[in-house]
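Survey of secondary and tertiary structure
Single-letter residue listing:
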Amino acid sequence: MNIALFGYGKMGKMIETVSQNKGHNIVAKIDVDSGDIDYSEMDVAIDFSMPDAAFDNISGCFENGVPVISGTTGWLDNYDDAVALCQEKNGAFIYASNFSLGVTIFFELNRYLAQMMSRLDQYRVSLEEIHHTQKLDAPSGTAISLAEDIIENSDYQGWKLDRAGDGEIPVTSKRIGDTPGTHTVNYGSKVDHIEIRHAAHNREGFALGAVIAAEWIQGKTGIFTMKDVLDLNR
Ligand SMILES: NC(=O)C1=CN([C@@H]2O[C@H](COP(=O)(O)OP(=O)(O)OC[C@H]3O[C@@H](n4cnc5c(N)ncnc54)[C@H](O)[C@@H]3O)[C@@H](O)[C@H]2O)C=CC1
Ligand SMILES: O=C(O)C1=N[C@H](C(=O)O)C[C@H](O)C1
């Protein structure tokens, strides 16, 4: 498979290594100021760039018939436009705030736990995410996904960074050293707490999930999620 990398930073380089270890070719490494882009050899584009670059990168790929795997966070104000363009061009698209296979399962646990806990008014939920100090966005895309999934499966009406009001989920963001990404969902009562946590040990899991998604999307058209890739919708 011929893969084009949009964003050749920490994740772009990790995806290059994982892709090559699986026998794929990297046919383009697009970074800031790369100039004119030749889309002709691309079987798929994997975008891990920057919030203000992601939508243009994704749009360019759809305009040129290239399927897109998008991992960049912090650009979702334009998500609906990306979906509309993908549909107009009969393209193929997967966005995930976190491509780790473990986090895809963690998202399912979070939804199920939220449904059960919504029956008990003794517990209050809170979210914490910890990342490396170079991270640009806060809270993380993964924390936002977790919060949105809890809201969909409970009576919570929103989330807020740090100080949350009634009916809102408090989210705490910490930036510590080189932490690749740790997410904790905590339900506390006066007498106990229940916690689920995913901790990435390095970036390889994110990269592997993105490459598996790129392999899976070959020959398909439509908008998909990692649940489709792992066949968790059954
Ligand atoms: N969904 C997931 O599983 C994961 C998502 N991420 C997200 O991926 C993004 C990138 O993360 P990192 O690689 O750690 O960041 P990074 O800062 O190491 O790399 C980003 C790269 O994008 C480049 N860039 C800037 N403008 C560009 C443009 N117009 N076109 C192409 N490239 C451009 C930068 O020069 C840089 O090399 C972030 O939004 C991060 O939150 C990171 C890890 C996992
Ligand atoms: O910027 C990162 O590094 C990460 N970003 C994603 C996010 O915002 O959730 C995924 C992962 O936690 C690493």
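Residues numbered from 1 in each chain as written. Chains lettered and ligands numbered in written order. Predicted model: local features only at pLDDT ≥ 70, side-chain atom pairs only at ≥ 80, totals over all residues. Heavy atoms only, no water.

What counts, and what does not: UniProt positions are given in the numbering used here, feature names are shortened, and annotations may be inferred rather than shown by experiment.
By the naming in an unreviewed UniProt entry, the chain goes by 4-hydroxy-tetrahydrodipicolinate reductase and is assigned to Pricia mediterranea. In its Function (unreviewed entry) section, UniProt records this for the chain: "Catalyzes the conversion of 4-hydroxy-tetrahydrodipicolinate (HTPA) to tetrahydrodipicolinate." In its Subcellular location (unreviewed entry) section, UniProt records this for the chain: "Cytoplasm".

**What about the UniProt feature "domain: Dihydrodipicolinate reductase N-terminal" (unreviewed entry) in the chain?**
This is how the line gets drawn: Only DSSP runs of H or I with at least four residues qualify as helices, and only runs of E with at least two residues qualify as strands; both kinds are numbered from the N terminus onward.
Summarizing the sequence annotation, UniProt attributes the feature "domain: Dihydrodipicolinate reductase N-terminal" (unreviewed entry) to residues 1-99 in the numbering used throughout. Segment residues 1-99 splits into 35% helix and 22% strand. End C-alpha atoms: 19 Å apart.

**Looking at the layout of surface pockets**
Rules: Here a cavity means grid points, on a 1 Å grid over the protein atoms only, where a 1.4 Å probe fits yet cannot get out; a pocket means an open set of points with protein on both sides within 12 Å along at least five of seven lines; lining residues are those with an atom within 4 Å of a point. Grid points are joined across faces, edges and corners, and a volume is the space filled by probe spheres set on the points. We call Asp, Glu, Lys and Arg charged. Ala, Val, Leu, Ile, Met, Phe, Trp, Tyr, Cys and Pro are nonpolar, and the rest, Gly among them, are polar.
Each pocket or cavity is described by its volume, and for the largest pocket that value is around 940 Å³. Met11, Phe48, Ser49, Met50 and Thr72 are the residues nearest the centre of the largest pocket, which is lined by 39 residues in total. Listing elements by their share of the lining of the largest pocket, those giving two or more residues are α1 (10-21), α2 (51-63) and α5 (141-152). Ranked by residue count, the leading element in the lining of the largest pocket is α2, at three residues. Residues belonging to the lining of the largest pocket are distributed by class as follows: 14 nonpolar, 19 polar and six charged. Taken as a whole, the second largest pocket spans an internal volume of roughly 620 Å³.

**Re α5**
For clarity, the threshold we go by: Multiplying one less than the number of residues by 1.5 Å gives the expected span of a helix. Partly exposed describes any residue whose relative accessible area lies between the buried limit of under 20% and the exposed limit of over 50%, with all areas from a 1.4 Å probe on protein chains only and scaled to the type maximum. Contact definition: two residues touch when any of their heavy atoms are within 4.5 Å.
With twelve residues, α5 should cover 16 Å at 1.5 Å per step; its first-to-last C-alpha distance of 16 Å lies within 8% of that length. Within the sequence span of α5, burial applies to Gly141, Thr142, Ala143, Ser145, Leu146, Ala147, Asp149 and Ile150. Where α5 is buried, its residues contact α4 (101-117), β6 (124-131), β7 (158-161), β8 (168-175) and β9 (182-188).

**A look at the pattern of salt bridges**
For clarity, the cut-off: Salt bridge, as used here: a side-chain nitrogen of Lys or Arg that lies within 4 Å of a carboxyl oxygen of Asp or Glu.
Scanning the entire structure with this criterion turns up twelve salt bridges. Of the charged contacts, one joins Lys89 and Glu63 as a salt bridge, the two residues approaching to 3.4 Å between their closest N and O atoms. Of this pair, Lys89 sits in the loop between α3 (79-88) and β5 (92-95) while Glu63 sits in helix α2, and the two are 26 residues apart along the sequence. For the salt bridge of Lys174 with Glu128, the shortest nitrogen-to-oxygen distance reads 2.9 Å. Remark: Glu128 occurs in strand β6 and Lys174 occurs in strand β8; sequence separation between them is 46 residues. Here Glu128 falls in the partly exposed class, since its relative accessible area comes to 24%. The network of salt bridges with common partners includes Glu108, Arg111, Asp149 and Lys227.

**Focus on the site of ligand 1**
Short version of the rule: Any residue with at least one heavy atom within 4 Å of a molecule or strand is counted as near it. Definition of a polar contact: a pair of N or O atoms within 3.5 Å, with one able to donate and the other able to accept a hydrogen when the atoms are protein atoms, and with sequence-neighbouring residues admitted only if both atoms are side-chain atoms. In this description, accessible areas are obtained by the Shrake-Rupley approach with a 1.4 Å probe, and a residue is regarded as covered only by the protein chains that are shown. Being in a pocket or cavity means that more than half of the molecule's atoms lie within 2 Å of its grid points.
Taken together, 22 residues lie around ligand 1, and Lys10, Met11, Asp31, Thr73 and Phe99 are the ones closest in. Taking Ser97, its main chain carries an N or O atom lying 3.0 Å from a nitrogen atom of ligand 1. A total of 860 Å² of accessible area belongs to ligand 1 in isolation, and the protein chains cover 82% of it. With respect to the detected pockets, ligand 1 is housed in the largest pocket.

**Structural notes on the sheet that holds strand β11 (residues 222-224)**
Note on sheets: strands pair through backbone hydrogen bonds, and any given pair is parallel or antiparallel. The following threshold applies: Note on pairing: DSSP must find at least two bridges between two strands before they are called paired. Only C-alpha atoms enter the line fits that serve as axes; for helices the fit covers just the stretch in contact. Angles between N-to-C directions range over 0 to 180 degrees.
With parallel pairing, six strands are arranged side by side in an open sheet as β2-β1-β3-β4-β5-β11. In this open sheet, the two edge strands, each paired with only one partner strand, are β2 (25-30) and β11. Averaged over all adjacent pairs, the angle separating strand axes in this sheet is 20°, with direction ignored. Its contacts with the sheet place α3 against β5 and β11, and it is angled at close to 155° to β5.

**What to know about the site of ligand 2**
Taken together, 13 residues form the shell around ligand 2, and within it His131, His132, Lys135, Gly141 and Thr142 come nearest. Lys135 has a polar side-chain atom sitting 2.7 Å from an oxygen atom of ligand 2. At a separation of 2.5 Å, an oxygen atom of ligand 2 approaches a polar side-chain atom of Thr142. Considered on its own, ligand 2 offers 320 Å² of accessible surface; in the complex 85% of this is hidden by protein. In this structure the site holding ligand 2 corresponds to the largest pocket.

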